[in-house]
Amino acid sequence: MSLSRRDFVRLTAGTGALAALGQFGRTAAVAAPSGSYRAMVGIFLFGGNDGWNMVIPTDARHSAYLAARGSVGIARSALTPLSGSAMALHPAMAALQPLWDEGSLAVVLNTGTLFAPLTKASYQSRADLRPANLMSHSDEQDHWQGLRAREPSRDGFLGRIGDRMSGGTLPPVISLAGAAIGVLGRQTTPLILPSSGLPGRAGYSAGSSMKNAAITALASNADGNAMLDGVAQDLTRSYDQAAAANGILAGTSSTDSYFTNPTTGAALTSEVARQLMVVARMIAARGTLGHARQNFLVSQGGYDTHSGQVQGGATALGGHANLLGDLAMAMAGFHRAMAALGLAANVTSFTMSDFGRTYLGNGQNGTDHAWGNNHLVMGGDLAPKTIFGSYPDPVLGGADDITREGRFIPGIAQEEYLGAIARWHGVADADLPYVFPNWSTWSTAGRGPLSLFRG
């Protein structure tokens with residue numbers, strides 16, 4: 001039987017949703033600081049989330065906020081307060097308020113891509129210190145996931161952590177966001193799962209014996225070719241991994257019941273909720289899979305809100321409110337599921353996004369591409385009820401604004417934010433330069449990982 005290139009593509013893609021064609025060159029396992037399980041769950045908000053409307057000051061700065069934001073500013077009376085702080089969440093994120101109150105939610109202010117520490121003056125005078133192609137969706141998505149601010153990335157920080165993790169029945173780096181750069185290692189490949197349904201064999205009938213047919217076809221074409229023999233082995237592994245994943249994802253799970261609307265009790269059906277439901281199942285199966293460490297990437301799209309971000313005349317409503325409401329309920333449901341498993345302190349979830357939005361609203365009830373942004377971190381091992389970083393000077397054209405629209409220079413580098421979570425996860429200090437290529441810049445001269453966690 002001959003095997004055409006088209007057939008080969010169908011066979012390898014048909015294992016589906018799984019891009020785990022081999023786990024090459026495993027190195028030493030990530031250290032276990034307390035000897036217990038750890039998981040990192042990155043939530044990428046594609047399009048550029050308006051973090052300035054996700055986290056809003058409630059003190060005297062709120063007047064400056066309203067004055068500068070114009071058409072997209074939200075009244076203080078509508079906000080979700082974060083007790084004991086001068087910050088609040090968007091009104092649609094009330095589902096996260098109990099997590100803040102219990103000490104399982106943190107806020108990181110004005111974070112973003114930085115190649116080196118910058119002031120407005122050095123930004124203007126030193127083009128060689130600026131990140132490349134700022135405010136470009138594709139470039140900034142790569143910057144956040146690959147953490148190379150001035151050059152392209154072919155692998156990402158979650159994948160590079162995976163290079164230092166021990167394996168199991170399935171790869172411990174798992175993506176619900178497709179083959180994103182963030183989960184690609186230099187030596188390892190991730191497990192890629194669908195948010196609904198099961199990993200399948202695309203293009204073929206369910207009753208066909210595709211595993212045997214595929215291996216037979218490859219073997220008949222190999223003719224001593226080591227590459228085809230290797231592909232046959234990888235394909236075998238991929239089918240076996242699909243079967244293992246199917247055993248976890250088929251049917252229902254006890255963790256599913258926690259993904260409900262806290263007001264109505266209705267089951268959550270948003271895409272980000274479905275992805276986090278799968279993550280919860282994979283964490284619940286950690287013992288079966290042989291995983292002491294797991295890394296996950298999930299995503300939510302739709303944040304490129306140039307128009308319709310807010311509803312005219314009712315700025316607490318609109319497209320952005322819908323997105324943040326879905327995100328908050330999904331995160332809260334996931335946290336409840338982890339608590340039910342006794343793992344609330346063992347799992348840390350965190351947001352990422354292309355970039356922030358302009359502080360100044362535009363004429364279409366929206367905002368445009370900017371730079372620094374606010375982020376959320378969730379988990380039971382966090383320093384309780386803490387705001388990290390400094391809110392920028394909200395004056396348009398002021399000390400932190402590189403234009404006159406509110407494009408703020410980040411005060412915290414991605415490495416300082418994500419590095420803190422990686423260190424909590426168990427990445428050894430000696431491996432941090434491998435995981436974060438520009439680590440030396442952000443671990444000297446008084447810079448370093450944020451103190452996100454207890455102790």
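The structure we're discussing is the one just above.
Caption draft 1: The packing of helix H10 (residues 271-284) against helix H12 (residues 319-340), seen in detail. Orientation of H10 relative to H12, taken along the N-to-C sense of each, is 15 degrees, at an axis distance of 9 Å. By the angle between their directions, the pair H10 and H12 is classed as roughly parallel. Of the two elements, H10 crosses H12, and the hand of that crossing is right-handed. In this structure, H10 uses Val272, Ala273, Leu276, Val279, Ala280 and Ile283 to contact H12, whose residues at the interface are Asp326, Leu327, Ala330, Met331, Phe334, Ala337 and Met338. When the residues that make up the contact of H10 with H12 are grouped by side-chain class, the tally is 12 nonpolar, no polar and 1 charged.

Caption draft 2: Highlighting the sheet that holds strand S3 (residues 80-81). Strand order in the open sheet formed by 3 strands is S2-S4-S3, with antiparallel pairing between adjacent strands. Two strands lie at the open edges of the sheet, namely strand S2 (55-57) and S3, each paired on one side alone. Bridge count between S2 and strand S4 (residues 87-89): 3 bridges; the pairing is antiparallel. Paired with proline 57 across the strands is methionine 87, a residue of S4. The sheet contacts of helix H3 (residues 61-69) involve S2 and S4, and relative to S2 the element is tilted by about 120 degrees.

Caption draft 3: Layout of the nonpolar core. Judged by nonpolar contacts, the single largest core of 67 residues is most densely connected at Leu96, Met282, Ile283 and Phe334. Element by element, the count of residues in this core is highest for H12, at 11 residues. Every residue in contact with leucine 96, bar those within four places of it in the chain, is listed here: Leu89, Leu105, Ala328, Met331, Ala332 and Leu376. With 36 residues, the next largest nonpolar core counts Val173, Val427, Phe436 and Trp439 among its residues.

Caption draft 4: Examining H3 more closely. Where H3 is concerned, the buried positions are His62, Tyr65, Ala68 and Arg69. Considered in projection along H3, the buried side chains sweep an arc of 130 degrees and stay on one side of the axis. Close packing links the buried residues of H3 with helix H2 (51-54) and S2. One or two residues past the end of H3 sits glycine 70, with phi positive at roughly 60 degrees.

Caption draft 5: Structural context of the packing of aromatic side chains. Using the criterion set out here, one finds 12 aromatic pairs in the structure. Each ring, one from tryptophan 52 and one from phenylalanine 408, has its centre 5.3 Å from the other, and the planes form 85 degrees; the classification is edge-to-face. Here tryptophan 52 is found in helix H2, whereas its partner phenylalanine 408 is found in the loop between strand S11 (387-388) and strand S12 (412-413), with 356 residues between them in sequence. Tryptophan 52 gets classed as buried once you look at its relative accessible area, which sits at 0%. Ring centres 5.2 Å apart and planes at 10 degrees place the aromatic pair tryptophan 424 and phenylalanine 453 in the stacked group. Remark: phenylalanine 453 occurs in the segment after helix H14 (432-435) and tryptophan 424 occurs in helix H13 (residues 414-425); sequence separation between them is 29 residues. Note on accessibility: tryptophan 424 and phenylalanine 453 belong to one class, buried. Linked through ring pairs, Trp52, Tyr65, Tyr359, Tyr391 and Phe408 together constitute an aromatic cluster. Its guanidinium or amino end placed over the ring of tyrosine 123, arginine 130 lies 4.4 Å from that ring's centre, counting from NZ or CZ. Cation over ring: arginine 286 sits above tyrosine 37, and NZ or CZ is 5.5 Å from the ring centre.

Caption draft 6: Representation of the side chain of asparagine 374. Inspection of the secondary structure puts asparagine 374 in strand S10 (residues 373-378). Here glycine 51 takes part through its backbone oxygen, which lies 3.0 Å from a polar atom of the side chain of asparagine 374. Looking at asparagine 374, its side chain comes within polar contact range of the main-chain nitrogen of asparagine 110, at 3.0 Å. If we ignore the near neighbours within four places in the chain, the residues touching asparagine 374 are Gly51, Trp52, Met54, Val55, Val108, Leu109, Asn110 and Tyr391.

Caption draft 7: How the structure looks around the pairing of strand S9 (residues 347-353). Most of S9 is tucked away, with 7 of its 7 residues classed as buried. The side-chain alternation of S9 yields two buried faces, one formed by Val347, Ser349, Thr351 and Ser353 and the other by Thr348, Phe350 and Met352. In the sheet, strand S1 (residues 38-45) pairs with S9 via 7 bridges, with the strands oriented parallel. Residue pairing in the sheet places glycine 42 in a bridge with phenylalanine 350 of S9. Here S9 pairs with S10 via 2 bridges, running antiparallel. Following the sheet pairing, serine 349 is matched in S10 by methionine 378.

Caption draft 8: Seen up close, the layout of surface pockets. Of the voids in this model, the largest pocket is the one considered here, and its volume is about 240 Å³. Lining the largest pocket are 13 residues, and of these Ala420, Arg423, Trp424, Phe453 and Arg454 sit closest to its centre. With 3 residues, H13 is the largest single contributor of residues to the lining of the largest pocket. Class assignment of the residues belonging to the lining of the largest pocket gives a composition of 7 nonpolar, 2 polar and 4 charged.

Caption draft 9: Region of the structure containing H12. Taking 1.5 Å per residue as the helical rise, H12 with its 22 residues ought to reach 32 Å, and the 32 Å between its terminal C-alpha atoms agrees with that figure. Among the 22 residues in H12, 16 count as buried, and that is most of the element. Note on H12: the residue one or two positions beyond its end, glycine 342, has a positive phi of about 75 degrees.

Cut-offs and rules
- Residues numbered from 1 in each chain as written.
- Predicted model: local features only at pLDDT ≥ 70, side-chain atom pairs only at ≥ 80, totals over all residues.
- Heavy atoms only, no water.
- Axes fitted to C-alpha atoms, helices over the stretch in contact; angles between N-to-C directions.
- Helix = DSSP H or I, 4+ residues; strand = E, 2+ residues; numbered from the N terminus.
- Parallel < 35°, antiparallel > 145°, perpendicular 65-115°, else oblique.
- Left-handed = near helix turned anticlockwise from the far one by under 90°.
- Contact = heavy atoms within 4.5 Å.
- Nonpolar A, V, L, I, M, F, W, Y, C, P; charged D, E, K, R; others polar.
- Pairing = 2+ DSSP bridges.
- Core = buried A, V, L, I, M, F, W, Y, C linked by side-chain atoms within 4.5 Å.
- Buried < 20%, exposed > 50% of the residue type's maximum accessible area, 1.4 Å probe, protein only.
- Arc of directions from axis to C-beta.
- Phe/Tyr/Trp six-rings, centres within 6.5 Å; stacked < 30°, edge-to-face > 60°.
- Lys NZ or Arg CZ within 6 Å of the ring centre and 35° of its normal.
- Polar contact = N/O pair within 3.5 Å; in protein donor to acceptor, adjacent residues only side chain to side chain.
- 1 Å grid on protein atoms, 1.4 Å probe; cavity = no way out; pocket = protein on both sides within 12 Å on 5 of 7 lines; lining within 4 Å.
- Points joined across faces, edges and corners; volume = space filled by probe spheres on them.
- Expected span 1.5 Å × (residues − 1).

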